[in-house]
Amino acid sequence: MIRVGVNGYGTIGKRVADAICSQPDMKLVGVAKTRPNYEAEIAIRNGYDLYAADPEHADAFAEAGIDVAGPVDELVADSDVIVDATPSGIGERNCELYEKHSTKAILQGGEDADAADQSFVARANYDKVGDADILRVVSCNTTGLTRLLTPLENRYGIEKARVTLIRRGGDPGEIDRGPINDIVPDPTEIPSHHGPDLNTIFPEMDIDTAGVKVPATLMHLHSVNVTLESEPRARDVRELLGRESRLFFIPEQAGIEGLGPLKEFARDAGRQRGDLWENCLWEESITAEGRDLYLFQSIHQEADVVPENIDAIRALAGDRTREQSMQLTDRTLGVGLESMFTDQKRRAVRPAADD
Ligand SMILES: NC(=O)c1ccc[n+]([C@@H]2O[C@H](COP(=O)([O-])OP(=O)(O)OC[C@H]3O[C@@H](n4cnc5c(N)ncnc54)[C@H](OP(=O)(O)O)[C@@H]3O)[C@@H](O)[C@H]2O)c1
């Protein structure tokens, strides 16, 4: 069993902690946070050992009647791998603590790429982890782009990718984010940070990205245009992408015409927290014009990095191949929604490996 601790039990950390508990080869040692708020109560209710991330304020837990298992140092010492899901910038500072205890660690996309030995998306570079001690699961948007572009690059070669990212203003729980009545180029410069971030996975890929922020909390929407090195048929692209377990095609007949119904569908399908771990591609948007491919995909920012964190744990401390790890993660979490639809052609091609 791989012993895993989660430092930072917020939007990402609580989802990763739950996902660890459903893995047959992992044990959740505990979770750490600084304050005794509702998330601390939920951690205790879930039976998770709770550690004080900030020992100076550990008394606050006792005052709130919440039992703490110990300081975060003990969690780190007792874990083979720490998933650090603290707010941006704190993970990098925590690396000293992880190194002190020779505990491998996974940072999140809010940290600089330089803080880790390797940026990570399972589909693209699980096999390259080697002796790395610190991985960085890239941001939700970069994860979604990498999952989409990897099979396209492998099959056709990518001459140039251009992506406009229409980004949610904040997560549903973030009361202080925005905009609330605007549409904001963010950043105004081109490229946004997403293209360079993707280059931490594919250094040679020619990609331009532009970012916009909108008053929504549900998901991001990507408008994708990829010029391939050889001319694809849209049908072949659908088949290629249809074999990818973490790409979900929203079928035309489903009547899902926006991100609201998409999240409603996830909740109706029984997904915990309404999470969508898969990139969600509008099937009829997949269009080929010569060597240009166009499509829309949506990314649930709170959820798509969760399976990647699980695979990153195995890449650091397990003995499974990429295919074995991704299949196990997908099966235990329940990744893949197409079985909900009766006429999904892609069922015929799943789960054969493509490349
Ligand atoms: N949310 C997203 O859409 C998203 C998507 C992909 C990647 N990410 C990345 O994931 C990371 C975490 O983001 P998030 O959205 O999960 O943040 P979050 O919701 O704010 O959660 C972070 C948690 O860490 C706790 N924390 C604060 N300081 C800490 C410390 N020093 N030690 C331990 N815990 C501490 C906070 O709780 P207390 O203050 O109560 O301790 C908070 O609940 C960031 O790098 C972010 O860029 C976020």
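Data block above holds the structure.
The rules we used
- Residues numbered from 1 in each chain as written.
- Predicted model: local features only at pLDDT ≥ 70, side-chain atom pairs only at ≥ 80, totals over all residues.
- Heavy atoms only, no water.
- 1 Å grid on protein atoms, 1.4 Å probe; cavity = no way out; pocket = protein on both sides within 12 Å on 5 of 7 lines; lining within 4 Å.
- Points joined across faces, edges and corners; volume = space filled by probe spheres on them.
- Nonpolar A, V, L, I, M, F, W, Y, C, P; charged D, E, K, R; others polar.
- Near = heavy atom within 4 Å.
- Polar contact = N/O pair within 3.5 Å; in protein donor to acceptor, adjacent residues only side chain to side chain.
- Areas by Shrake-Rupley, 256 points an atom, 1.4 Å probe, with all protein chains shown as cover.
- Pairing = 2+ DSSP bridges.
- Helix = DSSP H or I, 4+ residues; strand = E, 2+ residues; numbered from the N terminus.
- Contact = heavy atoms within 4.5 Å.
- Axes fitted to C-alpha atoms, helices over the stretch in contact; angles between N-to-C directions.
- Salt bridge = Lys/Arg side-chain N within 4 Å of Asp/Glu carboxyl O.
- Disulfide = S-S within 2.5 Å.
- Buried < 20%, exposed > 50% of the residue type's maximum accessible area, 1.4 Å probe, protein only.
- Expected span 1.5 Å × (residues − 1).
- Core = buried A, V, L, I, M, F, W, Y, C linked by side-chain atoms within 4.5 Å.
- Phe/Tyr/Trp six-rings, centres within 6.5 Å; stacked < 30°, edge-to-face > 60°.
- Parallel < 35°, antiparallel > 145°, perpendicular 65-115°, else oblique.

Caption draft 1: The arrangement of empty space enclosed by the protein in detail. This structure, assessed with the given rule, holds one cavity of 30 Å³ or more. There is about 50 Å³ of room inside the largest cavity. What lines the largest cavity is simply Arg123, Arg147, Glu244, Arg246, Leu247, Glu308 and Met326. The class makeup of the residues in the lining of the largest cavity is two nonpolar, no polar and five charged.

Caption draft 2: Layout of the site of the ligand. Near the ligand lie 22 residues; those nearest to it are Thr11, Ile12, Lys33, Thr34 and Asp171. One nitrogen or oxygen atom from the main chain of Gln301 is found 3.4 Å from an oxygen atom belonging to the ligand. Burial of the ligand by the protein amounts to 83% of the accessible area it has alone, namely 880 Å². Of the residues that constitute the shell around the ligand, the class distribution is seven nonpolar, ten polar and five charged.

Caption draft 3: Quick peek at the sheet that holds strand β8 (residues 134-137). Here eight strands make up an open sheet; going across it, the order is β4-β3-β2-β1-β5-β6-β8-β7 and the pairing parallel. Single-partner strands in this sheet number two, and they are β4 (70-71) and β7 (118-120). With three bridges joining them, β7 and β8 adopt parallel strand pairing. When the sheet's bridge partners are listed, Ser119 is paired in β8 with Arg136. Running over the sheet, helix α5 (residues 90-100) touches β1 (2-7), β5 (81-84), β6 (104-107) and β8 and is turned about 165° from β5.

Caption draft 4: Broad picture of the pattern of salt bridges. One pass over the structure, following the stated rule, counts 27 salt bridges. In this structure, the salt-bridge partner of Lys104 is Asp133, at a minimum N-O distance of 3.9 Å. Remark: Asp133 occurs in the loop between α6 (122-125) and β8 and Lys104 occurs in strand β6; sequence separation between them is 29 residues. One salt bridge connects Asp206 with Lys160, and the closest N-O pair in it is separated by 3.2 Å. Of this pair, Asp206 sits in the loop between α8 (194-198) and β11 (207-214) while Lys160 sits in strand β9 (residues 158-168), and the two are 46 residues apart along the sequence. Through salt bridges with shared partners, a single network forms among Asp25, Arg147, Arg246, Glu308, Asp311, Arg314, Arg320 and Asp330.

Caption draft 5: View of the state of the cysteines. Taken as a whole and assessed by the stated rule, the structure comprises zero disulfides. Cysteine Cys140 remains unbridged, with the sulfur of Cys280 as its closest cysteine sulfur at 13 Å. Look at Cys140 and you get buried, because its relative accessible area is 14%.

Caption draft 6: Spotlight on helix α12 (residues 322-333). Here α12 spans 16 Å end to end across twelve residues, near enough to the 16 Å set by a 1.5 Å rise per residue. Regarding α12, the residues found buried are Arg322, Ser325, Met326, Leu328, Thr329, Asp330 and Leu333. Lining the buried residues of α12 we find α1 (11-21), α6 and α11 (305-317). Gly334 occupies a position one or two residues after α12 and carries a positive phi of about 95°.

Caption draft 7: The nonpolar core, seen in detail. Judged by nonpolar contacts, the single largest core of 44 residues is most densely connected at Ile20, Val31, Ile106, Phe120, Leu135 and Ile313. Counting residues per element, this core draws most heavily on α11, which supplies seven residues. Of all hydrophobic cores here, the second largest spans 28 residues; its members include Met205, Phe249, Leu281 and Leu295.

Caption draft 8: Molecular detail of the packing of aromatic side chains. Overall, the coordinates contain five aromatic pairs when judged by the stated rule. Here Phe248 and Phe265 contribute two aromatic rings whose centre-to-centre distance is 6.0 Å and whose plane-to-plane angle is 20°, an arrangement assigned as stacked. Note that Phe248 is positioned in strand β13 (residues 247-250) and Phe265 in helix α10 (residues 259-268), a separation of 17 residues in sequence. The burial state of Phe248 is the same as that of Phe265; both residues are buried. Ring plane angle 25° and centroid distance 6.4 Å describe the contact between Phe248 and Phe341, whose orientation is recorded as stacked. Highlighted residues: Phe248 in strand β13 and Phe341 in the segment after α12, separated in sequence by 93 residues. For the pair Phe248 and Phe341, a shared accessibility class is recorded, and that class is buried. In textbook terms, an aromatic cluster arises when at least three aromatic residues are bridged by ring pairs, as seen for Phe248, Phe265 and Phe341.

Caption draft 9: Up close: the packing of helix α7 (residues 140-155) against α11. Put simply, α7 and α11 touch, their axes get as near as 10 Å, and they point 80° apart. Between α7 and α11, the crossing angle belongs to the class labelled roughly perpendicular. Across from Cys140, Thr143 and Arg147 in α7, the residues of α11 making contact are Val305, Pro307 and Glu308. Residues that form the contact of α7 with α11 fall into these classes: three nonpolar, one polar and two charged.

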